[in-house]
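Coordinate analysis (summary)
Okay, here's what each chain looks like letter by letter:
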Amino acid sequence: MIDDRQAFIKANTRLLPVPHAPEISLWTADEATELWQRTEDELGEIGLPPPFWAFAWAGGQALARYLLDNPAIVAGKHVLDFASGSGLVAIAAARAGAARVEACDIDAFAVDAMALNAVENGVALEPRLGDLVGRDEGWDVVLAGDVSYERDMAARVTDWLDALRRRGATVLIGDPGRSYLAKDRLEALAEYRVPVTRSLEDAEIKVSKVWRFR
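These notes cover the structure that comes with them. (Residues numbered from 1 in each chain as written. Predicted model: local features only at pLDDT ≥ 70, side-chain atom pairs only at ≥ 80, totals over all residues. Heavy atoms only, no water.)

This brings us to the nonpolar core. If you look at the biggest cluster of nonpolar residues, it comprises 52 residues, and the most contacted ones within it are Trp-53 and Leu-143. One finds Val-171, Ile-173, Leu-181 and Leu-186 within the second-largest nonpolar core, a separate group that totals 20 residues. (Core = buried A, V, L, I, M, F, W, Y, C linked by side-chain atoms within 4.5 Å. Buried < 20%, exposed > 50% of the residue type's maximum accessible area, 1.4 Å probe, protein only.)

Structure, rendered in C-alpha cells:
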C-alpha cells in the first residue's frame, strides 16, 4: 500500500503544461511514466484507485480555457470545482481572480494531486475529500468538468447542479460530448478543439464545449 501519496504522485508523473491551457502545469501521467503503463488490476494491487487525477481531460481543459479567457465569471467569487481530479479547473478559477476556491473529489490521491498542482501554479485552493452532491454551501459559482461518463452519476450530479443554478449560482459544465450529458437541459457557451491523448480518448483532438443550463 502507498503511505506517502504526494511522494508517489511526484515519482510517477511529470510536471507538464496543459495543452489547451499552457499557463497551467500539472503533475501528469504520460507515455514516459510507469503509471501510464500499469493496468487497473495492477493499480488495485498497490492500493491505487483509477488515477483520473493524473490526466487533463478534455472537458476540464475546455472549462479551464473558458475561465482564463473570461475571468469576470469568477473574479471575486466563492467557487466550487466539483469532481476536481487534478485541480485543473479550480486552478484556472484561482488564476482568473476567484476570491475563494474549493475543489472536491472522492479520491484521496486527487486531493493530494490538486494540492501539489496548486503549489506549482502559485495559487491557493481548499482541497476537500468527499461527495458534496446534494449540499449547498452558498457557492457563487459551481464548475464541473467531465462528469457525464456514467449514467447514474450523471443524472444525480445534473439534478444537483440544476438545483444550485435555480437558487442563483452560476453553473458551468465542461464536456466533450460524453454519453450521458443532459444536452436537452443545456446550451453551449463555447466550443474548443482540445488536444488529448489518443489512447485515452480515441482521438488526438476532442471537440469540447462549455455548457450552462437553459
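Once you've had a look at it, read on.
Here we take up a negative patch on the surface. Negative charge collects at one region of the surface, where Glu-40, Asp-41, Glu-42 and Glu-45 lie side by side. In this structure, Glu-40 sits in helix α3 (residues 40–45). (Patch = residues over 30% accessible without salt bridge, like charges linked within 9 Å, V, L, I, M, F, W, Y side chains within 5 Å. Areas by Shrake-Rupley, 256 points an atom, 1.4 Å probe, with all protein chains shown as cover. Salt bridge = Lys/Arg side-chain N within 4 Å of Asp/Glu carboxyl O. Lys, Arg positive; Asp, Glu negative; His and termini not counted. Charge placed at Lys NZ, Arg CZ, Asp CG, Glu CD. Helix = DSSP H or I, 4+ residues; strand = E, 2+ residues; numbered from the N terminus.)

This part is about the pattern of salt bridges. What the rule picks out here adds up to 18 salt bridges. Here Asp-30 and Arg-14 are joined by a salt bridge, their closest N and O atoms 2.4 Å apart. A residue pair is termed long-range when its members are at least 10 positions apart, and Asp-30 in the loop between β2 (21–28) and α2 (34–37) and Arg-14 in strand β1 (residues 14–18) qualify at 16 residues. On the basis of relative accessibility, which here comes to 12%, the residue Asp-30 falls in the buried class.

This part takes up the packing of helix α4 (residues 58–69) against helix α5 (residues 88–95). It is at 9 Å that the axes of α4 and α5 come closest, and there the two elements cross at 0°. As the angle between them shows, α4 and α5 are arranged roughly parallel. Contacts between α4 and α5 involve Gly-60, Gln-61, Leu-63, Ala-64, Leu-67 and Leu-68 from the former and Leu-88, Val-89, Ala-92, Ala-93 and Arg-95 from the latter. Within the contact of α4 with α5, the residues separate by chemical class into 8 nonpolar, 2 polar and 1 charged. (Axes fitted to C-alpha atoms, helices over the stretch in contact; angles between N-to-C directions. Parallel < 35°, antiparallel > 145°, perpendicular 65-115°, else oblique. Contact = heavy atoms within 4.5 Å. Nonpolar A, V, L, I, M, F, W, Y, C, P; charged D, E, K, R; others polar.)

Of note, the phi angle at Ala-83 is positive, near 50°, even though the residue is not glycine. Mapped onto the elements, Ala-83 comes out in the loop between β3 (78–82) and α5. Judged by relative accessible area, Ala-83 falls into the partly exposed class, the value being 27%.

Keep in mind that these numbers describe shape and distance, not what the molecule does.
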